[in-house]
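# Structure assessment
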Amino acid sequence: MRKKIVAGNWKMNMDYPSGLSVFSEIINMVKDEVTGSQQAIVCSPYIHLSSLAQLAKSNSQVSVGAQNCHQAESGAYTGEISASQIKSVGAEYVIIGHSERRQYFGESDALLSEKTVITLKNGLTPIFCIGETLEQREGNTYFDVIKEQLTGGVFNLSADDFAKIVLAYEPVWAIGTGLTASPEQAQEIHAFIRKEIAVKYGQETADETSILYGGSCNPKNAAELFSQTDIDGGLIGGASLKSRDFVDIIKAFN
Ligand code: PEP
């Protein structure tokens, strides 16, 4: 059975005290309210990671991740953070290839592939993001775009390594816009992604891969999205900044 996951992406929000306080609320609410084996992950700014990882030790259903890492093991890269540094503070996940990294920092599929490899090498789980722009959706090239992102970013992994990753389908036009993909639109792409995985790595691996949906997911629309056959949870931006909303999204599985 593949894992059911709700991952929050705080982006460049939350000062240090607010982050600790929201995360503590999440841990307590998950403990009291979430039944089942869902995994909640908070991908915070780097400054919070160590403290959040300490707090997360009290609840195995809640983990911590980063939002990016550098592709090199270590060295003279002023201002960057390595996968081994992230691992060393107790974080377990790293978002790789978020559309904001692709758009504002020019991250290519080739670079993202390097980041994925270094993340896995350091025992972290990449949450690898793919998704088309509005122009690509309207131009009906979105299946090609998704396939290209998979091929360039993660289909070079060995079968063993691929089995360790989590994928997130995030249509760029739905991120932070309030325009959620309909459950049918999202399911169509998730099924396509799973089919492509099956072609490359076999049906068993495809069936075991968690594929999250991201893009204006909130407590109101989460249950319908998560009930789709190939949607295994969500990557949540705005709604992950409020503990109540984030935990209600996790509860949407029940
Ligand atoms: C995201 O940035 O990954 C995201 C899904 O954002 P939002 O939920 O705010 O659309």
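Now for a quick tour of the structure. Here the structure is a predicted model, which is why all the values come from computation and not from measurement.

Lining the immediate surroundings of the ligand are 14 residues, of which Lys11, His98, Glu170, Gly176 and Ser216 lie closest. A distance of 2.8 Å is found between an oxygen atom of the ligand and a side-chain nitrogen or oxygen belonging to histidine 98. Protein coverage of the free-state accessible area of the ligand, which is 290 Å², stands at 95%. Of the residues in the shell around the ligand, the class split is four nonpolar, eight polar and two charged.

Next up on the list: the nonpolar core. Among the nonpolar cores identified, the biggest contains 66 residues, and Leu167, Ile193 and Phe226 are the most heavily contacted of them. The element contributing the most residues to this core is helix α9 (residues 183-201), with seven residues. In contact with leucine 167, not counting residues within four places along its chain, are Phe128, Leu150, Val154, Phe162, Ile193, Ile197, Thr209, Ser210, Ile211 and Leu212. The next biggest cluster of nonpolar side chains, apart from the first, holds twelve residues, and it includes Cys43, Ile127, Val166 and Leu235.

Bringing the pattern of salt bridges into the picture now. What the rule picks out here adds up to 16 salt bridges. In this structure, arginine 244 and glutamate 33 form a salt bridge, with 2.6 Å as the shortest nitrogen-oxygen distance. Within this pair, whereas arginine 244 is found in helix α12 (residues 243-251), its partner glutamate 33 is found in helix α1 (residues 16-33), the two being separated by 211 residues in sequence. Under the relative-accessibility criterion, arginine 244 is labelled partly exposed at 35%. Of the residues examined, glutamate 33 reaches a relative accessible area of 25% and is grouped as partly exposed. Put simply, aspartate 109 and arginine 102 hold a salt bridge, and the shortest N to O gap is 2.8 Å. Arginine 102 shares its class with aspartate 109; the two are buried. Taken together, the salt bridges that share partners define one network made up of Arg2, Lys4, Arg194, Asp230 and Asp232.

Rules used throughout
- Residues numbered from 1 in each chain as written.
- Predicted model: local features only at pLDDT ≥ 70, side-chain atom pairs only at ≥ 80, totals over all residues.
- Heavy atoms only, no water.
- Near = heavy atom within 4 Å.
- Polar contact = N/O pair within 3.5 Å; in protein donor to acceptor, adjacent residues only side chain to side chain.
- Areas by Shrake-Rupley, 256 points an atom, 1.4 Å probe, with all protein chains shown as cover.
- Nonpolar A, V, L, I, M, F, W, Y, C, P; charged D, E, K, R; others polar.
- Core = buried A, V, L, I, M, F, W, Y, C linked by side-chain atoms within 4.5 Å.
- Buried < 20%, exposed > 50% of the residue type's maximum accessible area, 1.4 Å probe, protein only.
- Helix = DSSP H or I, 4+ residues; strand = E, 2+ residues; numbered from the N terminus.
- Contact = heavy atoms within 4.5 Å.
- Salt bridge = Lys/Arg side-chain N within 4 Å of Asp/Glu carboxyl O.

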